[in-house]
Amino acid sequence: MHLVVQAIILGLLTGGVYALMASGLTLAFGVMRVINVAQGAMIVAGAYVSYTLFTDFHIDPFVSIVLMAPAAFAVGVLLQLVFLRPLRSDEREELSLLVTWAIALGIEGVLSVMYTTTYRATLPGYVNDSLTVAGYRIAVVRLVAFGISGVILLLLYLVLHRTRLGRSIRATVQNPTAARLLGVDAERVSAYGFGLSVATATAAGAVFGMVEPFNPGSHYDLISRLLTIVVLGGLGSLTGAVLAALVMGVSEAVLAATISPTWSSLVFFVILIGVLVVRPQGLMGATERGRL
Amino acid sequence: MRTVTVPGLARGLGFTALFAAFPFVFTESWVVNIGIFTVMYAALATAWNVLGGFSGYLSLGNAAFFGMGAYGEAILFQHISIGSGYRPFWVLPLIGLGVAVAVLPVAWVAVRTRAATFAIVTISMLFIAQQLAFNLHSLTNGAQGLVMPLPPFPNTTFERPFYLAMVAVLALSVLLSWYVASGRLGLMLFAIRDDEDRARGLGVHTTYAKLFAVAISAGLTAMAGGVWAYYIGFIYPQFAVDPLVTIGAVLMAFLGGRGTIWGPTLGALILVPAQQYLAFSEGASELYLVAYAAIFLGVMLLMPRGILPSIADLVAARRSSNGAHRADGPRAEMPEAVT
Amino acid sequence: MSAVLEVDRLTKRFGGVAAVDGCSLAVAEGTVTALIGPNGSGKTTLFNLITGYLRADSGSVAFAGKRVRRPEPTALCRRGLTRTFQQARVFGSLTLVQNMVAAVQQPRRSAFRQAVSRADRERAVGLLEEFGLARLAGARADQLSFGQRKLLEFATVLMGRPRLVLLDEPTSGVNPVMVETMERHIRELHGRGLTLLVVEHSMPTVMRLCDPVIVLDHGSKIAEGPPAAVQHDPAVLDAYLGT
């Protein structure tokens, strides 16, 4: 029992980080119906930048998040303008998948050349510390990662619900035609939405780099999990993504602790298939359109 | 009975003959080696096209079928010892059928979702297949891989049987591709691609059609994987189930023209020799990732319909501007040039 | 006359808004029934619910006397209930004949038969002739004008030999000549025994073609009767004028 609770705690902490990583993905889909397969690669890129800032310039990972955000936002807007906007809207969903996969390959290639395939990790001073609460061990790094993820998710929530841009984004997700009729500039919202999604990716990358060793190829494993989470939660639903991330995180941890670590990564897939059998639109997805 | 047009038949037989004659004309090993991979990718792209091009459901997990075929071959020899020589080739149809049937349950769950979710589910399937390959030690030997029996072919023409086997798989792929496209199944798939909701409303059994397409696509891909396994001799999980195999096949189908019969083969004929050359001269595989990415993006943005349909469009435009004002074009019936 | 379609207290909410709110109505066999109402009254949503493109929150649908437990477009079409779409949807990359033949109900095992058999083609061309589209039989559907697409869509749904066709705004967005053509076709098919439920905004068309007329407002039925009676119904005037 102790083992299970310990696993649940670990799962929740990991799930929180997954939630942050998945949020950008579901946001991109909700706003533009774009499946950004490069999200994993962008997270890894964020991890690398944060790692370099930390190792070479001794900049704290949290600070690196703040530094990366504007640049990442700009890159996101640029990518959307150049590669995604030209796609015809009726094929955009499927083609965006291939376009972003190509972008992911490009990022992986560049990172491989710059950093080689050696595994890296951002190792702040407290990396080996752990707290003991009520008899359960909690790694400080994971707690910090969870905390940062929570804060950024909260910020994202506030942006979406308290700012004009956020309202425009939510309106576009729920009903693009109506939004456009109300004066929302769909093109601009798409570009900013994507920028926001890339910014959250790099932030998630900085966090990710603290808890897991990574190399350029890590994005495959990441994106497969994130896609599963987003589909499970319902494409376009932020709440769904967060819920699904927590469910997946906990399931994986519990399975790893009770049955076997090697099989635990399959839990993502099993749960996904299970849910899709009953609800092809995912947990929170509407059959018509997602809701942020 | 279907109308087999003379030009179509000529193309089919002609190309098959050309492909088959290749290793007898160019006999150097490294040339035939490139030929094997070119024909292999042509088969993979053609197989992918049956689902991806005809129905618009982009499957990004084809490498899983490839791996299943590869491991299928190896396991048959490891655990059931069928013997070597030409036997591995004869069991290919069995492997193709086996994989086609085996994927049906998961495919059924996947095709009931909409196109975007479907693509994602197939990506997941790919990684799961890889995980299974790594973890099912008793079956696949995990990371240590499996070994195929040593082929008894003479050194000078070692590659030839493998090449010819690949040509056979390609010929079958193209044949099936044509058979589906000219049949009712093809009509259903094209309708799904154009407007699936409407197809459902008109009474089309969409799930059934998609399942069929998945099964055909999977079976053909698995057969190519089987030949590959025997050729390479030893298979490891990360190479048997490699996302780049999927990406390559998809890119070639896009380049040549998805939805056409010969487009994917054309795409392979262009890209594989180029890719092999790049890998050879640049050495580092990472840079060829960037090149792949660049080509892919270029095709998507500049020539989204692919080569064959773009040419067909040009010809049609030329024809109509010449005053040949015919609303019912002669070739409009068969989906040769339909995208 | 028996009811070929019965809707019983159907409800569908989107967020806080009930697009269809406890709607009950019946369509008698052999009629051309109109479904009218101001914008946003739930007509298209109702169509989507009846044909299974949307899942209702509560209520039920019965077709040809049998209750439909879970409306599903493919199954319903095979039972004889089909619809057109407001936007005149066709299969763009296919020829007109291919469009028509795609709608022919065939058993699953015919998947490997030839795409367009001679019998199918003859039937398709026959129908296309009726709709004046025969000379374009081999052209790609995406080359048609909007009005021609509407005609093609209409012709296509007839290939399945339906019992009831839900027409979603058949005369919207087309020129007056085309309106007349559409009305003529509707009348002709009605004469041959087809039942139609037509969503329409054009009152003249409704007056000419339909009886009875069902009026929807805020997701439920507020009036029903012959066109002349409905035209003067105070509740209906209220709904349209919004007092």
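Residues numbered from 1 in each chain as written. Chains lettered and ligands numbered in written order. Predicted model: local features only at pLDDT ≥ 70, side-chain atom pairs only at ≥ 80, totals over all residues.

1. Remarks on the overall build of chain A
Tallying secondary structure elements over chain A gives 12 helices and 2 strands in all. By the compact-globule yardstick of 19 Å for 292 residues, chain A fits well, its C-alpha radius of gyration being 19 Å. Seen along its three principal axes, the alpha-carbon backbone of chain A occupies a region of about 55 × 45 × 35 Å. Relative to its 292 residues, chain A shows a buried fraction of 54%. (Helix = DSSP H or I, 4+ residues; strand = E, 2+ residues; numbered from the N terminus. Rg over C-alpha atoms; globule rule 2.2 N^0.38 Å. Buried ≥ 20, exposed ≤ 12 C-beta atoms within 10 Å, placed from the backbone.)

2. Digging into the sheet that holds strand β6 (residues 81-83) of chain C
Whenever strands of a sheet pair, they do so through backbone hydrogen bonds, lying parallel or antiparallel. Residues and elements named next belong to chain C. Spatial strand order, β6-β7-β8-β3-β9-β10: 6 strands in an open sheet with mixed pairing. In this open sheet, the two strands that pair with only one neighbour each are β6 and β10 (220-225). Averaged over all neighbouring strand pairs, the angle between strand axes comes to 20 degrees, with direction disregarded. As paired strands, β6 and strand β7 (residues 164-168) are joined by 3 bridges and run parallel to one another. (Pairing = 2+ DSSP bridges. Axes fitted to C-alpha atoms, helices over the stretch in contact; angles between N-to-C directions.)

3. Considerations on the interface of chain B and chain A
Contacts between the two partners involve 31 residues from chain B, matched on the other side by 35 residues from chain A. Secondary-structure elements contributing two or more residues to the side of chain B that touches chain A are α6 (104-111), α7 (115-135), α13 (243-256) and α15 (285-302) of chain B. Of all the elements, α7 of chain B adds the most residues to the side of chain B that touches chain A, at 12 residues. Broken down by class, the residue content of the side of chain B that touches chain A amounts to 23 nonpolar, 6 polar and 2 charged. (Contact = placed C-beta atoms within 7 Å. Nonpolar A, V, L, I, M, F, W, Y, C, P; charged D, E, K, R; others polar.)

4. Thoughts on the interface of chain B and chain C
The interface is formed by 30 residues belonging to chain B together with 37 residues belonging to chain C. Elements that contribute at least two residues to the side of chain B that touches chain C include exactly α10 (184-201) and α11 (206-232) of chain B. Sorting elements by how many residues they give to the side of chain B that touches chain C places α10 of chain B first, with 12 residues. Along the lines of polarity and charge, the residues of the side of chain B that touches chain C split into 12 nonpolar, 9 polar and 9 charged.

5. Considering the pairing of strand β1 (residues 130-133) of chain A
Residues and elements named next belong to chain A. Examined bridge by bridge, β1 and strand β2 (residues 136-139) share 4 bridges and lie antiparallel to one another. Residue pairing in the sheet places valine 133 in a bridge with tyrosine 136 of β2. Between β1 and the antiparallel strand that follows it, β2, lie 2 residues; alanine 134 among them carries a positive phi value of about 50 degrees.

6. Quick notes on the nonpolar core
The tendency in soluble globular proteins is for nonpolar side chains to be buried as a group. All names here are of chain B. Membership of the largest hydrophobic core comes to 289 residues, with the highest contact counts inside it found for Ala43, Leu44, Met166, Ala224 and Val227. The biggest single contributor to this core is α11, with 16 residues. Not counting residues within four places of it along the chain, the set of residues in contact with alanine 43 comprises Met166, Val169, Leu170, Ser173, Leu220 and Ala224. (Core = buried A, V, L, I, M, F, W, Y, C linked by C-beta atoms within 7 Å.)

7. Details of the confidence of the model for chain A
All names here are of chain A. In this model, chain A carries a mean pLDDT of 83, and residues with pLDDT of at least 70 account for 96%. Of all helices and strands in chain A, the one with the weakest mean pLDDT is helix α11 (residues 261-264) (74), whereas helix α2 (residues 39-57) scores best (92). Scored below 50 in pLDDT, residues 287-292 makes 22 contacts in the model with residues more than four places away or belonging to other chains. (pLDDT = per-residue confidence, 0-100.)

8. What to know about the sheet that holds strand β4 (residues 58-63) of chain C
All names here are of chain C. Pairing within the open sheet is antiparallel, and its 4 strands lie in the order β2-β1-β4-β5. Whereas interior strands pair on both sides, the edge strands pair on one side only; in this sheet they are β2 (17-28) and β5 (66-68). Put simply, the sheet's adjacent strands are angled 25 degrees from each other on average, direction ignored. Against the sheet, helix α1 (residues 43-51) engages β1 (3-14), β2 and β4, with an angle of about 70 degrees to β2.

9. Some words on the pairing of β10 of chain C
All names here are of chain C. Looking at chain direction, strand β9 (residues 213-217) and β10 are connected through 5 bridges and run antiparallel. In the strand pairing of β10, leucine 216 is matched with lysine 221. Where β9 hands over to β10, the hairpin turn is made up of 2 residues, of which histidine 218 adopts a positive phi near 50 degrees.

10. Side note on the arrangement of the chains
Here 2 pairs of chains are in contact, and chains B and C lead that list by number of contacts. The closest approach of any C-alpha atom in chain A to one in chain C is 8 Å; the two make no contact.

11. Let's talk about the environment of threonine 140 of chain B
Residues and elements named next belong to chain B. With respect to the helices, strands and loops of the structure, threonine 140 is situated in helix α8 (residues 137-140). Assessed through the 23 C-beta atoms surrounding it within 10 Å, threonine 140 is described here as buried. Filtering out sequence-adjacent residues up to four positions away, threonine 140 remains in contact with Tyr71, Ala133, Leu146 and Pro237.

12. Topic: helix α1 (residues 2-32) of chain A
All names here are of chain A. Between its first and last C-alpha, α1 extends 45 Å over 31 residues, near the 45 Å set by a 1.5 Å rise per residue. Along α1, the helix axis deviates most sharply at alanine 22, where the bend reaches about 30 degrees. In terms of burial, α1 is largely enclosed, as 23 of its 31 residues are buried. Where α1 ends, the next residue or the one after it, arginine 33, has phi of about 55 degrees, a positive value. (Expected span 1.5 Å × (residues − 1). Bend = angle between axes of the 7 residues up to and from the residue.)

13. Quick word on unusual backbone geometry
All names here are of chain C. Cis peptide bonds are those with omega within 30 degrees of zero, and the linkage from aspartate 211 to proline 212 qualifies with 10 degrees. Look at glutamate 169: it is not a glycine, yet its phi comes out positive at around 55 degrees. Checked against the element boundaries, glutamate 169 lands in the loop between β7 and α6 (176-191).

14. Focus on the packing of helix α5 (residues 140-162) of chain A against helix α6 (residues 164-174) of chain A
Residue and element names in this part refer to chain A. Where α5 contacts α6, the axes come no closer than 5 Å and their chain directions differ by 80 degrees. When the interaxial angle is binned, α5 and α6 end up roughly perpendicular. Contact with α5, carried on its side by Val159, Leu160, His161 and Arg162, involves Leu165, Gly166, Ile169 and Arg170 of α6 and no other residues of that element. Among the residues making up the contact of α5 with α6, the classes are represented as 4 nonpolar, 2 polar and 2 charged. (Parallel < 35°, antiparallel > 145°, perpendicular 65-115°, else oblique.)

15. A closer look at the packing of α2 of chain A against helix α3 (residues 61-84) of chain A
Residues and elements named next belong to chain A. Viewed as axis vectors pointing N to C, α2 and α3 meet at an angle of 120 degrees, and their least axial separation amounts to 9 Å. The angle between α2 and α3 falls in the class oblique. The chirality of how α2 crosses α3 is right-handed. Here Gly46, Val49, Ser50, Leu53 and Phe54 of α2 lie close against α3, whose contacting residues are Pro61, Ser64 and Met68. The residue inventory of the contact of α2 with α3, partitioned by class, reads 5 nonpolar, 3 polar and no charged. (Left-handed = near helix turned anticlockwise from the far one by under 90°.)

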